[in-house]
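Observations on the model geometry
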Amino acid sequence: MVTYPEEFTMEEAKGLIESMSNYKIVKTFTQKYLNRARFGMGMGKAEELKQFISQNSDIEKVFVDEHLSAKQLFNLEDLLKISVIDRERLILDIFYSRATTTESKLQIQLAEVQYEIPKIRENARLMSKSGERAGKGGMGEYVVDVQFRDLKRQMSFIKDKLASAHLKRQEYRKQRLRKGMFIVSLVGYTSSGKTTLFNLLTDEHKETSHSLFTTLSTVTRSLRLPSKVNENDPENSNILLVDTVGFISRLPHYMIEAFKSTLEESLEADLILFLIDSSEEIDDIGRKYSSSLGVLQELNVDQSKLYILLTKADKANSEKLQEIMDYMDPSISKLPVSSKTGDGLEELQNLIYSKKKSRNSTILGES
């Protein structure tokens, strides 16, 4: 593994690799810059890698924790005589291993095509420089053009399928609104505790794991509040809770775009619970908060619907919780909760009920 010499970045890169059960890290190399022209890393580091690999015959892959161009991948593999994968390729492989629904598989296929297209273009330039595209209709030109057209057709087909799924979801949402359903969604960094809280609030048994991207597909279930929270409300059951894919730092724009249709269901909710793991180091929390908020802003989320939940609050003292809250946008309300001890859950249920009542009052006023 080759990554940046920062603890947060190293741990996240390690988490990505260990999310693939068939991968095991043999050695970690660090490099301050991974955007050098020839290899991504510097020539000295590339030679250091080459020497280490030559002395350890059981190594099968090199993972570089950054986006690499087709030229950089080619140069590295030519030097090291071993397979090289970059950060984006690894994330796509993790997505493939986690996808269970037709839509999530389509989204990953779209991201895959968008990952490959720039590399096809770059390969075309490389072949042109090496003389493999000597004239119009030359073999190199033919292969590249066929690949490019095929990828474009695939992209068009997948986008049509996703657009159809989007229309169906919009229709479901209209039906829910007609029935007076109140929708709550969980968003946040991957492994922030979304699925654990989802299971607790819905009595579900969705898989939870320390591995990244345990949840890829949107899952929606009924959330029933305790009778003591809303004893006089006959529409107690008209609440849905949505769980979906978590965010991660340095997630390329095209991957966010590919999953936009899934994320839309979360972002169109009446209440968006933005989860932050309060058990982590303050600096790590700050980076994950900023990264997640950046994705939400890129997706044009209505910030007035956001409510921050500081999860795993049983592992943080009151001073740390206050420090975390002081760091974050003061315009967004915050609540510490613990799925383990139940602390804050009653306040969360009261919050959901009060927001539901407020939404219903607004609808009645408008009608």
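See the structure printed just above.
Treat the numbers as computed from the prediction; the structure is a model and nothing was measured.

**Topic: the sheet that holds strand β10 (residues 334–336)**
The sheet built from 6 strands is open, its strands ordered β6-β7-β5-β8-β9-β10 with mixed pairing. Of all strands in the sheet, those with a lone pairing partner are β6 (219–222) and β10, marking the two edges. Across the sheet, the mean angle from the axis of one strand to that of its neighbour is 25 degrees, orientation sign disregarded. Taken together, the 4 bridges between β6 and strand β7 (residues 239–243) define a ladder with antiparallel strand orientation. Counterpart to Ser222 in the pairing with β7 is Leu240.

**Describing helix α11 (residues 318–327)**
Residues of α11 that are buried include every one of Lys320, Leu321 and Ile324, and no others. When α11 is viewed along its axis, its buried side chains cluster within an angular range of 100 degrees and face the same direction. Every exposed residue of α11 that faces more than 90 degrees away from the buried side is listed here: Ser318, Glu319 and Asp326. Each element contacted by the buried residues of α11 is listed here: α10 (282–298), β9 (306–311) and β10. Between the side-chain oxygen at the start of α11 and the backbone nitrogen of Glu319 there is a gap of 3.2 Å, and the oxygen is on Asn317.

**Some points on the packing of aromatic side chains**
In this structure the tally under the stated criterion is 3 aromatic pairs. On the basis of an interplanar angle of 15 degrees and a centroid distance of 5.9 Å, the ring pair of Phe274 and Tyr289 is categorised as stacked. In this pair, Phe274 is assigned in strand β8 (residues 271–277) and Tyr289 in helix α10, connecting sequence segments 15 residues apart. Overall, Phe274 belongs to the buried group, its relative accessible area being 0%. For the cation-ring pair, Lys27 lies above Phe52, with the distance from its terminal atom to the ring centre recorded as 5.7 Å.

**Points about the packing of helix α2 (residues 43–54) against helix α3 (residues 70–80)**
For any two helices packed against each other, one specifies the crossing angle of their axes together with the interaxial distance. α3 packs onto α2 with a crossing angle of 40 degrees between their chain directions and a minimal axis gap of 9 Å. When the axes of α2 and α3 are compared, the pair comes out oblique. At the point where α2 passes α3, the crossing takes the right-handed sense. Between α2 and α3, the contacting residues are Ala46, Glu47, Leu49, Lys50 and Ile53 on the first element and Leu76, Leu79 and Leu80 on the second. Across the contact of α2 with α3, the residue classes break down as 6 nonpolar, no polar and 2 charged.

What counts, and at which threshold
Residues numbered from 1 in each chain as written. Predicted model: local features only at pLDDT ≥ 70, side-chain atom pairs only at ≥ 80, totals over all residues. Heavy atoms only, no water. Pairing = 2+ DSSP bridges. Helix = DSSP H or I, 4+ residues; strand = E, 2+ residues; numbered from the N terminus. Axes fitted to C-alpha atoms, helices over the stretch in contact; angles between N-to-C directions. Buried < 20%, exposed > 50% of the residue type's maximum accessible area, 1.4 Å probe, protein only. Arc of directions from axis to C-beta. Contact = heavy atoms within 4.5 Å. Polar contact = N/O pair within 3.5 Å; in protein donor to acceptor, adjacent residues only side chain to side chain. Phe/Tyr/Trp six-rings, centres within 6.5 Å; stacked < 30°, edge-to-face > 60°. Lys NZ or Arg CZ within 6 Å of the ring centre and 35° of its normal. Parallel < 35°, antiparallel > 145°, perpendicular 65-115°, else oblique. Left-handed = near helix turned anticlockwise from the far one by under 90°. Nonpolar A, V, L, I, M, F, W, Y, C, P; charged D, E, K, R; others polar.

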